[in-house]
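Close look at the chain arrangement
Here is what each chain is made of, one letter per residue.
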Amino acid sequence: MISCLSFYLICAYLCTAFGTPTESFGGKHVIVAGDFGQLPPPGAGGHYPLYSDSVGVWSTEMSPKAQMSVIGQAIWHQFTTVVILRKNMRQAGLSEEDQRYRKALENARMKACDADDIALLRSRIVGLTHSSPVLHPPGREPVSIITALNSHRDSINSVGSKAFAQAMGIDLIEFHSVDSWAADEDQDSTRATQRVHASTVNPRRSSNRIGKEMQELLWSLSPCLTGHHAGVLKLCQGMPVLLKKNEATELCATNGAEGVVVGWDSHVIDDSKEVLDTLFVRLSNPPREIQLADLPVNVIPLLRTKQRINCTLPFSDKSSVFISREQVMILPNFAMTDFASQGRTRTFNPCHLAYCRSSQSLYTCLSRSSSLRGLVILEGFDSFKLSGGLDHALKHCTSAIAAYRNWKGPDRSVQAGGLQASPRRSQSQQARLHLPNANEESKKHTLSHSTM
């Protein structure tokens, strides 16, 4: 899901690239595909979904980010040609139970599950009866468990890594990150600078080298506290891993890609700590075959990269610290979050649903399975989150999309195989934007728009 702010920025960069600041998306036709039944955009601080009713009305009194969000939502409202895809390509089974499963998912998407739907989903909970599904069927390779919380993901990955190494009869090798104090970054305002200073540890120092005690503390933090940039990676040959960065899209090495460790290059630093230089990963089911010189098919190298991250401290009057961390950006893949699972189709789909926060989270997790038989639920789930109807904003957006789908007005000049398609607009219909240079966005925020 894309936010109103991101929608504006995409439009702004296209307008800048094509030199057409008065035409949305630089005057180009745009197709937007997605499912509002799945998760809204992650992150706080103004990352509102396109259907949000919290964006407000545009005003020069707003902050620059809020103005961008308002204009982003206004641009979204220019899309009037709708194509709704009806055929379910993931759950394509013809059995009676698969038909009931499709119905349950359709109702879960609209937060309208009935008693029969809930009973069907509860039948897939592990350990309720002798006929209940099992988490680890004999002969099946480990499959990542979908869970709602990053902390649960990290705990499952820790336990799974140890169990995997023990089953393989090999030892886990610890690869440490190379950390240093991060340089200060300028904030948008004096008040913002004061807030950052009040909440972070930033000691006086003659160099950026981190002391031993603090370094040990930073290495001990779970990835959920360090921006998913692990301080210590515990790996072995054959371990499943998940890429956490767009390393090289042309090699299918994208954020969320799955793979298996096949080798590495490393060196030793102080106190006999090993540091990864290059990790070699064999991609699992990439969209196309990858062949690099002197490497087996689908094996790619992942280099250690440097990134400024915010580490959340578990105990301190000040809650966080900014550091520069060098590490290969992967995590063990014995668990993934509901956000990371989006877009995947899984024949075996173990889910931990007890902490899903909304019907969208539950629907995302449940709908990854290609069949009812492949669905395995741990602990159970809150059935009240699957019934009672959608909230006002999402329900209004769903109704509007259905209404546009049936509209026969003059703008229906483009048909496309996605959720929305937009024809070009005349200049009088465009949001008139002052589109700041990418390097000047934090400094120049003169925004205006005409009536949509």
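Source: prediction; values computed, not measured.

Notes on the pattern of salt bridges
A side chain of one charge can pair with a side chain of the opposite charge if their charged atoms are brought near each other. Scanning all chains against the criterion turns up 11 salt bridges. Across the salt bridge formed by Asp114 and Lys103, the nearest N and O atoms sit 3.1 Å from each other. Within this pair, whereas Asp114 is found in the loop between α3 (96-109) and α4 (115-122), its partner Lys103 is found in helix α3, the two being separated by 11 residues in sequence. Salt-bridge contacts for Arg325 lead to Asp179; the nearest nitrogen and oxygen are separated by 2.8 Å. Highlighted residues: Arg325 in strand β13 (residues 320-327) and Asp179 in strand β5 (residues 178-181), separated in sequence by 146 residues. The pair formed by Arg325 and Asp179 is uniform in burial state, with each residue classed as buried. A cluster of three or more residues bridged by salt bridges with shared partners is formed by Lys103, Asp114 and Asp117.

Quick look at unusual backbone geometry
Where the residue is not glycine, phi is negative for most of them; where a peptide bond is considered, it is trans in most cases. The phi dihedral of Phe25 is positive, around 55°, even though this residue is not glycine. Note on Phe25: relative accessible area 4%, which makes it buried. Not every positive phi belongs to a glycine, and Lys111 is a case in point at roughly 55°. Summarising the element assignment, Lys111 is placed in the loop between α3 and α4.

Focus on the packing of aromatic side chains
Across all of its chains, the model carries 9 aromatic pairs by this definition. When the ring of Phe36 is compared with that of Trp76, the centres are 5.8 Å apart and the planes differ by 80°; the resulting orientation is edge-to-face. Highlighted residues: Phe36 in the loop between β1 (30-32) and α2 (64-76) and Trp76 in helix α2, separated in sequence by 40 residues. Note on Phe36: relative accessible area 7%, which makes it buried.

Some points on the pairing of strand β16 (residues 349-352)
Side chains Asn349 and Cys351 of β16 all project onto a buried face; the interleaved residues Pro350 and His352 project onto the opposite face, where all are buried too. Pairing of strand β3 (residues 145-147) with β16 involves 2 bridges; the strand directions are parallel. Across the sheet, Ile146 pairs through a bridge with Cys351, a residue of β16. Note: β16 against strand β17 (residues 375-378), 4 bridges, orientation parallel. Paired with Cys351 across the bridge in β17 is Ile377. Regarding the hand of the β-α-β motif, the stretch spanning β16, helix α9 (residues 359-366) and β17 is right-handed.

Conventions adopted
- Residues numbered from 1 in each chain as written.
- Predicted model: local features only at pLDDT ≥ 70, side-chain atom pairs only at ≥ 80, totals over all residues.
- Heavy atoms only, no water.
- Salt bridge = Lys/Arg side-chain N within 4 Å of Asp/Glu carboxyl O.
- Helix = DSSP H or I, 4+ residues; strand = E, 2+ residues; numbered from the N terminus.
- Buried < 20%, exposed > 50% of the residue type's maximum accessible area, 1.4 Å probe, protein only.
- Phe/Tyr/Trp six-rings, centres within 6.5 Å; stacked < 30°, edge-to-face > 60°.
- Pairing = 2+ DSSP bridges.
- Right-handed = clockwise from strand over helix to strand, strands pointing away.

Coordinates in, geometry out; function isn't part of it.
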